[in-house]
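Residue-level structural notes
Listed below are the residues making up each chain.
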Amino acid sequence: MSAAEPHAADNPAVRELTSQILRRIDADTNGSPAAVVDDEALVLGRQLWEAAGGGERLVPVEVVAVLGTLHWLRYLRLPQDTDSSDLETALLFHSRISVIHPEVVPRRISALIEATEAAQSNAAAMMSRATDLLTRAKGSDDIALADTAVDIIRRVRLSVPRGHPSRAHVQALLAVALFFRAERADRPADIHAAVDAARDAIPPKEADGVSYRMARSNLGTALIARYELTGELPDLTEAVELARMVAGESNEADPSFGMFLSNLSGRLINLYKVTGEPVLLEEAAQAGRRAVVQPSGLGFSDPLSALGNLAGALKARFELFGRRADLDEAIEVVGRAVQACPPRHPNRRTHMANHVDLLTTRAGPGDLDAAVDTGRLLLDITPAHHPTRPQAAANVGLALRTRHSQTGRISDLDEGTALELEALKAVEPGLPRWAALSANMAQAVAKRFTVHGTASDLDEACRFAQASVVATPQGDPSRARRMQGLADLLERRSAAGLDAGTDVADALRLWDESSQVAASPARTRVRSAVRGGRWAMNEIGNPERALVCYARAVELLDRLAWRGLERSGQEQALAEWSGVTADAVAVALASGSTEDGIRLAEQGRAVLWSQLLDSHTEMAELRERAPELVDRLRRISAELG
């Protein structure tokens, strides 16, 4: 194509169609992408091409520019990762424009044309160029480089049909590039496209074992990202199953073994948060410990993610059982990750945010000052619109608010509350992360009520807490803790004489319901049951309701002293609630139920003994069916003991 003949540019149909398409391009620029992606836009483009004499005579350069822009915008805006011809067409048009007026061609398109021409249609060279761009993007956090890498890979894919030997490699690199871009630029559509590309990149089972394992590992990582975006449980369960298979098929000789173990650890933590099964945490911690001492290979996973996942498992285990040693180790592990990260490493922010969170959780001597100092440095290096900014602001805000509780420094409370509000406003309402931030905001505003005594602050705190509960799905492990937060606030409002009319009844309902969230940690559920019992007894004067709550608390003691814990850990967990059984018996007697009192006394004071008897019974039954297994178990026990 070349410059147009004069009469073609004067064609009324050409002018009208060009004007219509330009209006659609302007609409896209003003936030209405449907104007360029709908079928009518494509029809108008074809009509303009034909009216300008496309295929028969020279086409005006302005028409070429308009059509090139239309197809480029369609390529950018279409959410699905398809093999459409929009990219191909856009490049053909812009290639001609770049010869005549290179200054008007967007930099991203120029880079893609340059890479294509430099490779001289050599797909291998183009893929090498894309890999280099992606490596540079990861090192510099430059999304523009990742954009160009995605463009190049998709350009190559147009010439690599399904079934071609190179197709899996092209799709694998595209999945990596899309995942990186989604993670750094917060583009949800890229996550869906990455899952599709990663699934298409899995080679046949008879292919090289290393490639097969890596492809499934990459698919699992993309599925986890989509699960975090949508909350769809099938994505999570498939990712866990893939991680188990990949780690199980690999060994220490595989350079990616550490990465596979790290991925398994992280995905098991995600699954634990849904199911509340303690055994998943133990498996996650074991995989994390093995991953830390193994070399990590290439792929989605950062080499330091093993430290982050191990710390995540340890923190979750601390929250479940309250063992201080787990929290101390988690802080040490994350500290190592922060120290190992180069100053400009893109994942440094995540490790720093986790370090701030863990130090705030422990809140020992010097911890909060260290958390605030690290947090302020984190905020300095995190731009306002960076995807990690909300979590960074929330963690630093919580650290400041917690430090206020120890020092009474009002400036800490004000600064912390402002940061937590910034975090909340930056996240779309209704998402899981928004629910967590809203719960934090409720506590921040409630703390402000404690300082200033302004009734409107307590009402606002209740609204934030209520919104957090509503946004948390039924069965979510976090729901119990967020219901506790709302119940606490309703109790405070009642005690302050500001009861909205139903606060007393609503608080009891929340304590009761939160104690029944099966996926929540046993410690959380026991606290809810006990608080509900006390509220029913002391504020409502209903010993029968109180007995129901206390009976549930006693029933949960067996789960609290989970059998997977060492004996000392079980005793420590039970010691935290040593008075529950006595309170339950007292309430049973107050309600006139001596029989319930005796049952609860026996049940609550013999938790460990009952477990021991159960295990003896199970061993006796096993000996009857498979005596050789019992003998083997005893030999192993003796060797370990």
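Quick look at the structure, then. Worth saying up front: this structure is predicted, and the values here are computed from it rather than measured.

1. Examining the overall build of the protein
Within the protein, the regular secondary structure consists of 32 helices and zero strands. Here the protein holds 641 residues, and the buried ones make up 50% of them. A separation threshold of at least 6 residues defines the contact pool for the protein, and within that pool the share at least 24 residues apart is 63%. Of the roughly 29700 Å² of accessible surface on the protein, 53% is carried by carbon and sulfur atoms.

2. With respect to the pattern of salt bridges
Enumeration over the complete set of coordinates arrives at 42 salt bridges. The shortest N-O distance in the salt bridge between Arg167 and Asp200 comes to 3.3 Å. Here the residue Arg167 occupies a position in helix α10 (residues 167-185), and Asp200 occupies one in helix α11 (residues 188-200), the gap between them amounting to 33 residues. Relative accessible area serves as the criterion here: at 24%, Asp200 is assigned to the partly exposed category. When the shortest N-O distance is used, the salt bridge between Arg244 and Glu283 registers 2.9 Å. Here Glu283 lies in helix α15 (residues 278-292) and Arg244 lies in helix α13 (residues 233-249), a separation of 39 residues in the sequence. A single salt-bridge network, built from bridges that share partners, covers Arg108, Asp147, Asp151, Arg181 and Asp190.

3. Considering the packing of helix α14 (residues 257-275) against α15
Where α14 meets α15, the closest approach of the two axes is 8 Å, and the angle between their N-to-C directions is 160°. Judged by the angle between their axes, α14 and α15 are roughly antiparallel. Helix-helix and strand crossings are classified by hand; for α14 and α15 the assignment is left-handed. Side by side, α14 and α15 meet where Phe257, Gly258, Leu261, Ser262, Leu264, Ser265, Leu268, Ile269, Leu271, Tyr272 and Thr275 of the first sit next to Pro278, Leu280, Leu281, Glu283, Ala284, Ala287, Gly288, Arg290 and Ala291 of the second.

4. Focus: the packing of aromatic side chains
Overall, the coordinates contain two aromatic pairs when judged by the stated rule. Look at Trp49 and Phe93: their rings are 5.7 Å apart centre to centre, the planes differ by 55°, and that puts the pair in the tilted class. Residue Trp49 is located in helix α4 (residues 39-51), and its partner Phe93 is located in helix α6 (residues 86-100); the two are separated by 44 residues in the primary sequence.

What counts and how
- Residues numbered from 1 in each chain as written.
- Predicted model: local features only at pLDDT ≥ 70, side-chain atom pairs only at ≥ 80, totals over all residues.
- Heavy atoms only, no water.
- Helix = DSSP H or I, 4+ residues; strand = E, 2+ residues; numbered from the N terminus.
- Buried < 20%, exposed > 50% of the residue type's maximum accessible area, 1.4 Å probe, protein only.
- Contact = heavy atoms within 4.5 Å.
- Areas by Shrake-Rupley, 256 points an atom, 1.4 Å probe, with all protein chains shown as cover.
- Salt bridge = Lys/Arg side-chain N within 4 Å of Asp/Glu carboxyl O.
- Axes fitted to C-alpha atoms, helices over the stretch in contact; angles between N-to-C directions.
- Parallel < 35°, antiparallel > 145°, perpendicular 65-115°, else oblique.
- Left-handed = near helix turned anticlockwise from the far one by under 90°.
- Phe/Tyr/Trp six-rings, centres within 6.5 Å; stacked < 30°, edge-to-face > 60°.

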